[in-house]
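The chain contents come next:
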Amino acid sequence: MATRTACQVVRRRFSSAAAALRPSPAEIRGHRNAVFSREQERQRALFPRIEKIEVSLRGPGLDGTLLIMNKGMSTPLSCARHLTEYHVNNSALALVDGELWPLNRPLADSCTLTLLTFNDSDPTLLNEAYWRSCSALLGQVLETAFKDDYTVELLSTPEVPVTSGAFCCDVVLDPQLDSWTPSLESLRSLTRGAQQLIHQNLAWEPLEVVSSVALEVFSHSRCKQEEVEQKASDSPKGTVMLYRCGDHVLLSGGPLVARTGLCSQYEVTAMHSLGQGPWGHHRRTQGLSLPLQLQAHHTVWRRLRQRAEKLVEAGEKPESTPPPSADSARPPASQ
Amino acid sequence: MRLTLRMLISHGRVARRMGLGPESRINMLRNILTGLVRHERIETTKVRADEVRFYAEKLIDYAKKGDTDEKAMKMASFWLTEKDLVPKLFKVLAPRFENHSTDYTRMARIPNRENLDRAQMAVLEYKGNPFPPLYPVKKENELTLINQLLKGYREERARAKLLATEA
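What counts as what
- Residues numbered from 1 in each chain as written.
- Chains lettered and ligands numbered in written order.
- Predicted model: local features only at pLDDT ≥ 70, side-chain atom pairs only at ≥ 80, totals over all residues.
- Heavy atoms only, no water.
- Pairing = 2+ DSSP bridges.
- Helix = DSSP H or I, 4+ residues; strand = E, 2+ residues; numbered from the N terminus.
- Axes fitted to C-alpha atoms, helices over the stretch in contact; angles between N-to-C directions.
- Buried < 20%, exposed > 50% of the residue type's maximum accessible area, 1.4 Å probe, protein only.
- Polar contact = N/O pair within 3.5 Å; in protein donor to acceptor, adjacent residues only side chain to side chain.
- Contact = heavy atoms within 4.5 Å.
- Buried area = accessible area lost by both parts, 1.4 Å probe.
- Salt bridge = Lys/Arg side-chain N within 4 Å of Asp/Glu carboxyl O.
- pLDDT = per-residue confidence, 0-100.
- Phe/Tyr/Trp six-rings, centres within 6.5 Å; stacked < 30°, edge-to-face > 60°.

(A) Quick look at the sheet that holds strand β9 (residues 239-245) of chain A. Residues and elements named next belong to chain A. Spatially, the 3 strands line up as an open sheet ordered β8-β9-β10, and their pairing is antiparallel. The open sheet is flanked by β8 (204-210) and β10 (248-251), the only strands paired with a single partner. Going from strand to strand, the sheet's axes swing by 30° on average, the running direction of each strand aside. Summarising the sheet, β9 and β10 pair through 4 bridges and their orientation is antiparallel.

(B) The arrangement of the side chain of Asn127 of chain A in detail. One can find Asn127 of chain A in helix α5 (residues 124-145). Its relative accessible area of 2% is what places Asn127 of chain A among the buried residues. A polar contact is formed between the side chain of Asn127 of chain A and the backbone oxygen of Leu143 of chain B, at a distance of 3.0 Å. Every residue in contact with Asn127 of chain A, bar those within four places of it in the chain, is listed here: Phe118 and Val162 of chain A together with Leu143, Thr144, Leu145 and Gln148 of chain B.

(C) Spotlight on the interface of chain A and chain B. Tallying the contact residues gives 28 residues for chain A and 15 residues for chain B. Across the chain A/chain B interface, buried area totals approximately 1800 Å², and carbon plus sulfur atoms make up 68% of it. Broken down residue by residue, the surface that chain A buries against chain B is led by Thr163, Leu304 and Arg307 of chain A, which jointly contribute 27%. The interface formed by chain A and chain B contains 2 salt bridges. We note a salt bridge from Glu156 of chain B to Arg307 of chain A, for which the minimum N-O separation is 2.5 Å.

(D) Highlighting the confidence of the model for chain B. Of all residues in chain B, 100% attain a pLDDT of 70 or more, and the chain-wide mean is 93. The complex model carries a pTM of 0.74, and its ipTM stands at 0.80.

(E) Summary view of the environment of Ser156 of chain A. Residues and elements named next belong to chain A. Considering the arrangement of structural elements, one finds Ser156 in the loop between β6 (152-154) and β7 (167-173). On the basis of relative accessible area, Ser156 is assigned to the partly exposed category, the value being 36%. On a C-alpha basis, the gap between Ser156 and Glu226 in space is 9.7 Å, while along the polypeptide they are 70 residues apart. Leaving out residues up to four positions away in the same chain, Ser156 has contacts with Asp170 and Glu227.

(F) Looking closely at the sheet that holds strand β11 (residues 263-277) of chain A. All names here are of chain A. Strands sit in the order β6-β7-β12-β11 across an open sheet of 4 strands; the sheet is antiparallel. Edge positions in the sheet fall to β6 and β11, since each has one partner strand and no second. Recorded for the sheet is a direction-independent mean angle of 30° between the axes of neighbouring strands. Sheet topology note: the β11/strand β12 (residues 280-291) ladder contains 12 bridges and is antiparallel. Residue pairing across strands places Ser273 opposite Arg283, the latter belonging to β12.

(G) Examining the packing of aromatic side chains more closely. All names here are of chain B. One pass over the full model with this rule turns up 9 aromatic pairs over all chains. When the ring of Tyr55 is compared with that of Trp79, the centres are 4.9 Å apart and the planes differ by 35°; the resulting orientation is tilted. Of this pair, Tyr55 sits in helix α3 (residues 46-64) while Trp79 sits in helix α4 (residues 70-79), and the two are 24 residues apart along the sequence. Like Tyr55, the residue Trp79 is buried in the burial classification. Pairing Phe97 with Tyr126 gives two aromatic rings, centres 6.0 Å apart and planes at 45°, and the pair type is tilted. One end of the pair, Phe97, is in the loop between α5 (85-96) and β2 (105-110); the other, Tyr126, is in strand β3 (residues 121-126), and 29 residues separate them in sequence. Note on accessibility: Phe97 and Tyr126 belong to one class, buried. Members of the aromatic cluster, connected to one another through ring pairs, are Phe54, Tyr55, Phe78 and Trp79.

(H) A look at unusual backbone geometry. Residue and element names in this part refer to chain A. The phi angle at Asn201 is positive, at roughly 55°, despite the residue not being glycine. Along the chain, Asn201 falls in the loop between α6 (184-200) and β8. Among the residues examined, Asn201 registers a relative accessible area of 38% and is labelled partly exposed.

(I) Up close: the pattern of salt bridges. Residue and element names in this part refer to chain B. Per the stated rule, a full pass over the model turns up 27 salt bridges over all chains. A salt bridge links Glu40 to Lys88; its shortest N-O distance comes to 3.4 Å. Pair noted here: Glu40 is in the loop between α2 (22-39) and β1 (41-45) and Lys88 is in helix α5, with a separation of 48 residues, a long-range link. Put simply, Arg16, Arg25, Asp50 and Glu51 are held in one network by salt bridges that share partners.

Set out below in structure tokens:
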């Protein structure tokens, strides 16, 4: 009995000490924000004098238009502002010399620019970027949803094709929450959080940084640092793209769309447990979203949402034969 | 004849009066019909197009009887003022409408004429003509986000149905 009380006292002391050692989520966010802003200012200061570049536009009705923009300061969004309000509201991503370019990233040289919208003849790349942005938004909502006592670790989001029916965000929650399963009400409150972010219409600011700066940004999270190293080794230049939305900095595997206001119908549909992994109890949160220009009728939305509640296997190509065994760690099958 | 009030009021009279009299009306319609058979799509006033429609379809009915038929040949040669269109009628237009029983023509209204009279205009065409369609068909883009989601949904339903029938 005495040992039990002694154990309890020791545990309480140690847990509070551990909690005191661990910085609060607000502090972590502030630190990441500060490093991001510093790096952004440093990159802006690389162009002290205004130099002009020529941007020629491509697209229906715009072929051959030449715009004179500032080097290192003008973004494809500012090019769209020179055109019409329709271009500003509807373009979500840009193609600069055939390469996907986020709308808020500054242009470095004279180039050809194509603005991509959701109603193009081939919006496949834009659909993938939109799906990635929705997962990023879900990750942001999850990080801010829980109380400060519980840690939330975002893992690298798997690339899921649009036809699978839902975008996913893999997350590892605090060990104290291992036995917690989310109820409908908690999913609804996550949806409300996401809708608030969409309503604020925050822009996703891209920043290309060297891996050392990225490691400094994510200095509090070991799994994020591993992700940074892996992405840096994958990319040809050894740099990593960071995105900031509001005051939340995140890592992404590809370009994201311009701003959160482009999503209109957004719902967090389910959270499935994937079992124990290297970082703890893995959970996959799934959601469904549609952009402002492609809203669905409520009957269609209800059916798509029902499908989005089912577990989405990452890395599996949709086949017409019966689906194979549920193994999410399997690499994508080559066809 | 007794000049009554009923002769001046034309309530319920469906026969239209065009031109200088009945013969003038038939001649006018004959010219318009010849133009229609030559070009397969013409633009006239709405009233004239509506009148010609009946005669155009009747002409095709006669042409379907074949060019050996005496009555059909007489009708064709009366109604088509340019005689090089008679073989076109029997050899091109009649076989085209073999499987149709009615409705060989289509009429669509267009904006009023720019002249002082602001007449109501219409386009009259034979179906199956080589020009682009009057009412363009809007193709749904299969690659938009919502269509891709629906495609995935349909495929999953098909897969589930297949599994259910196999089990």
